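Residue-level structure breakdown
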Number of protein chains: 2
Amino acid sequence: MKKYLEILLQCPLFSEIAPENLTVMLTCLGARIEHFDKKYTILAEGNPAKYIGIVLTGSAQMIRVDYYGNRSLLAEIEPTQLFGEAFACAEVSSVPVTIVATEPCDVMLVECDHVLHTCTNHCTFHQQLIFNLMKALAAQNLQFHQKLEITSKRTTREKLMTYLDRQAQKHKSAEFEIPFDRQELADYLEVDRSGLSAEISKLRREGILDCEKNRFILL
Amino acid sequence: MKKYLEILLQCPLFSEIAPENLTVMLTCLGARIEHFDKKYTILAEGNPAKYIGIVLTGSAQMIRVDYYGNRSLLAEIEPTQLFGEAFACAEVSSVPVTIVATEPCDVMLVECDHVLHTCTNHCTFHQQLIFNLMKALAAQNLQFHQKLEITSKRTTREKLMTYLDRQAQKHKSAEFEIPFDRQELADYLEVDRSGLSAEISKLRREGILDCEKNRFILL
DNA sequence: TCAATTCCGTTGAAAATTCAACATACTTTA
DNA sequence: TAAAGTATGTTGAATTTTCAACGGAATTGA
């Protein structure tokens, strides 16, 4: 556990928590760390929504695969970010999404009950944790707004350009790398991969953008 | 203010708040009530995100209209429900959506700062309010998951059927009313209105559903 | 290093969506 | 009550997406 304290202190869930209090707190929360190799499922759809997850190293994705096998990518999850907290806090019986490791991952799982309900010892901490959770949920809400803004566009071109504009804003540069390969980008934009490739080629020919692999330049 | 206490006590934001404490609390929060006629804008895109809104009577919608005038309907907001809380809590500078009244509305606005930051008098209340806000944000998160599940489908038929299935589940009945007219339903599903009408007719002819106005029956 | 696998761009045909226009029924309001 | 306005369904053409299939490039792993 020790080696992750650095990362945990940067996690939004532990914002404003004093380093010296973190260790004892983690045991109180029933925290445990698990490792997942690339492509492994960290949390499968249908499982009980009891845990809040924190990605410590590597990276993961929140995905949903429907009845017909259509895969939709809901969010990229990077170190220090949370997952599963919305379902645990809303007390749904089971999670409606799947979390998969896209790189070898170390993940911390804490029991949501222990976060929300004050225990005998650490009452003051819980208040801060709930506040932090609230902030994290609000931030995730914004992420979904952004995703909805993108996917509400009707054409592949508009979805792609809206996504790339937002990425450029985020990186404060017209040149940036995205965390997706082509199939993942298509799954995030909710479009067909081959159609997306065709559209990217077209935008290149038109001199609107350039790209190599997952590195894009808006011209 | 008095006449709304009943409704306010059922609002998720004031869950577990004792009735006798509510009135004094409202003044402490800088609460004020405003009325909006049908079709009026309650909160316009671009405005500062300082307030948490509560719909007391009537109904409202969260919408976004893009550059080209495409209208997208993000959520229906009914009495006791909140709006704007995600943006206020995430401390974004301005709201990226518009809230409009679909029926004559009474709306309460409270200053988010006053909710989040403990004042001199009512510290114990604030903790409960933050907890309630956290719950509300988690619930709204789920709503967006549901909307994303629907709009991630690739065809109008699949989007419509997924939406109607969820409504049937919600009402625990194959027969139910939806809160949208055809244009609004199209805006929620992110599809063309005329295409939606055509698809509904087709599903009727195939004996899969029946409907009259906004009342649907799944067969 | 070599073989196997994955990733990516291209293509053409089929399917679906969008768009504009119009007719009818319904609602609102003067 | 009549007129104006709104909501809904229908249609056909144009646009766009999806789907399946393929080949070459890049990556992985034995």
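Residues numbered from 1 in each chain as written. Chains lettered and ligands numbered in written order. Predicted model: local features only at pLDDT ≥ 70, side-chain atom pairs only at ≥ 80, totals over all residues. Heavy atoms only, no water.

**Observations regarding the overall build of chain A**
Check the secondary structure of chain A and you find 8 helices and 11 strands. Overall, the C-alpha framework of chain A stretches about 65 × 40 × 30 Å when taken along its three principal axes. Within chain A, residue pairs in contact and separated by at least 24 positions form 70% of the contacts whose partners lie at least 6 positions apart. Put simply, chain A shows about 10100 Å² of open surface, and 49% of that area lies on carbon and sulfur atoms. Side chains of chain A give 24 positive and 29 negative charges; the mean places of these two sets differ by 5 Å. (Helix = DSSP H or I, 4+ residues; strand = E, 2+ residues; numbered from the N terminus. Contact = heavy atoms within 4.5 Å. Areas by Shrake-Rupley, 256 points an atom, 1.4 Å probe, with all protein chains shown as cover. Lys, Arg positive; Asp, Glu negative; His and termini not counted. Charge placed at Lys NZ, Arg CZ, Asp CG, Glu CD.)

**A few points about the packing of helix H6 (residues 156–171) of chain A against helix H7 (residues 182–189) of chain A**
Residues and elements named next belong to chain A. Where H6 meets H7, the closest approach of the two axes is 10 Å, and the angle between their N-to-C directions is 105°. The orientation of H6 relative to H7 falls into the category roughly perpendicular. Residues Lys159, Leu160 and Tyr163 of H6 lie in contact with H7, whose contacting residues are Leu185, Tyr188 and Leu189. A breakdown of the residues in the contact of H6 with H7 according to their chemical character gives 5 nonpolar, no polar and 1 charged. (Axes fitted to C-alpha atoms, helices over the stretch in contact; angles between N-to-C directions. Parallel < 35°, antiparallel > 145°, perpendicular 65-115°, else oblique. Nonpolar A, V, L, I, M, F, W, Y, C, P; charged D, E, K, R; others polar.)

**Thoughts on the side chain of A:Arg64**
Tracing the chain through its elements places A:Arg64 in strand E4 (residues 60–65). The side chain of A:Arg64 is buried and forms no salt bridge, while B:Glu149, the nearest opposite charge, is found at 4.9 Å. Within the structure, the side chain of A:Arg64 is placed 3.5 Å from the backbone oxygen of B:His145, a separation counted as a polar contact. (Buried < 20%, exposed > 50% of the residue type's maximum accessible area, 1.4 Å probe, protein only. Salt bridge = Lys/Arg side-chain N within 4 Å of Asp/Glu carboxyl O. Polar contact = N/O pair within 3.5 Å; in protein donor to acceptor, adjacent residues only side chain to side chain.)

**A short note on the environment of A:Met161**
Residues and elements named next belong to chain A. Here Met161 lies in helix H6. Between the C-alpha atom of Met161 and that of Leu203, which follows or precedes it by 42 residues, the distance is 9.6 Å. If we skip the residues at most four places from it in the chain, Met161 touches Leu203, Ile208, Leu209 and Leu218.

**A closer look at the relation of the copies chain B and chain A**
Once turned by 180° and shifted 0.0 Å along the axis, chain B lies on chain A with an RMSD of 0.0 Å. In symmetry terms, the pair is related by a two-fold rotation axis. Among all residues of chain B, the minimum C-alpha distance to the rotation axis is found for B:Met134, at 2.3 Å. A share of 100% of interface residues in chain B that are also interface residues in chain A marks the association as one of identical surfaces. (Least-squares fit on C-alpha atoms with pLDDT ≥ 70 in both.)

**Observations concerning the protein's contact with DNA strand D**
Around DNA strand D sit 16 residues, and of these A:Thr156, A:Asp192, B:Arg182, B:Ser197 and B:Ser201 come closest. Across the atoms of DNA strand D situated within 4 Å of the protein, the share located in sugar and phosphate is 62%. B:Arg182 has a polar side-chain atom sitting 2.9 Å from a phosphate oxygen of DNA strand D. Mapped by element, the contributors of at least two residues to the surface near DNA strand D are helix H8 (193–205) of chain A together with helix H7 (182–189) and helix H8 (193–205) of chain B. It is H8(B) that contributes the most residues to the surface near DNA strand D, 4 residues altogether. (Near = heavy atom within 4 Å.)

**Focus: the nonpolar core**
Counting 65 residues, the largest nonpolar core has A:Leu8, A:Phe14 and B:Phe14 as the members making the most contacts within it. Those residues in contact with B:Phe14 that sit more than four places away from it in its chain are B:Leu8, B:Leu22, B:Leu26, B:Leu29, B:Ile54, B:Leu129 and B:Asn132. A:Ile42, A:Ala101, B:Ala75 and B:Cys105 belong to the second largest nonpolar core, which has 42 residues in total. (Core = buried A, V, L, I, M, F, W, Y, C linked by side-chain atoms within 4.5 Å.)

**Some points on the interface of chain B and chain A**
The figure often quoted for interface size is the accessible area lost as the parts come together. The interface of chain B with chain A comprises 39 residues on the first partner and 39 residues on the second. Buried surface at the junction of chain B and chain A, summed over both partners, amounts to about 3400 Å²; 64% is from carbon and sulfur atoms. Of all residues in chain B, the largest losses of buried area upon contact with chain A belong to B:His145, B:Leu148 and B:Arg154, amounting jointly to 19% of the total for that side. Taken together, the connections running from chain B to chain A amount to 2 salt bridges. (Buried area = accessible area lost by both parts, 1.4 Å probe.)

**Describing the protein's contact with DNA strand C**
Near DNA strand C lie 15 residues; those nearest to it are A:Arg182, A:Ser197, A:Ser201, B:Thr156 and B:Asp192. Among atoms of DNA strand C positioned within 4 Å of the protein, sugar and phosphate together represent 65%. Here B:Lys213 contributes a side-chain N or O atom positioned 3.4 Å from a phosphate oxygen of DNA strand C. Secondary-structure elements contributing two or more residues to the surface near DNA strand C are H7 and H8 of chain A together with H8 of chain B. Per-element accounting of the surface near DNA strand C gives the leading share, 4 residues, to H8(A). Looking at the surface near DNA strand C residue by residue, the class counts come to 1 nonpolar, 8 polar and 6 charged.

**So, the packing of aromatic side chains**
Following the criterion strictly, the structure yields 8 aromatic pairs over all chains and no others. Ring centres 5.0 Å apart and planes at 90° place the aromatic pair B:Tyr67 and B:Tyr68 in the edge-to-face group. Within the aromatic cluster, the residues linked to one another by ring pairs are A:Tyr163, A:Phe180 and A:Tyr188. The positively charged end of A:Arg32 is found above the aromatic ring belonging to A:Tyr51, 5.0 Å away from the centroid. (Phe/Tyr/Trp six-rings, centres within 6.5 Å; stacked < 30°, edge-to-face > 60°. Lys NZ or Arg CZ within 6 Å of the ring centre and 35° of its normal.)

**Some points on the pattern of salt bridges**
Inspection of every chain in the model, using the stated rule, returns 20 salt bridges over all chains. A salt bridge links B:Glu206 to B:Arg157; the shortest N-O distance between them is 2.8 Å. One end of the pair, B:Glu206, is in the loop between H8 and strand E10 (209–212); the other, B:Arg157, is in helix H6 (residues 156–171), and 49 residues separate them in sequence. With a relative accessible area of 41%, B:Glu206 lands in the partly exposed category. A relative accessible area of 25% places B:Arg157 in the partly exposed class. Residues participating in the shared-partner salt-bridge network are A:Arg157, A:Glu199 and A:Glu206.

**Some points on the sheet that holds strand E6 (residues 82–83) of chain A**
All names here are of chain A. Strand order in the open sheet formed by 4 strands is E1-E8-E3-E6, with antiparallel pairing between adjacent strands. The sheet terminates laterally at strand E1 (32–36) and E6, the two strands that pair on one side only. Pairing of strand E3 (residues 51–57) with strand E8 (residues 105–111) involves 6 bridges; the strand directions are antiparallel. Within E8, the position partnered with Thr57 by the bridge is Asp106. (Pairing = 2+ DSSP bridges.)

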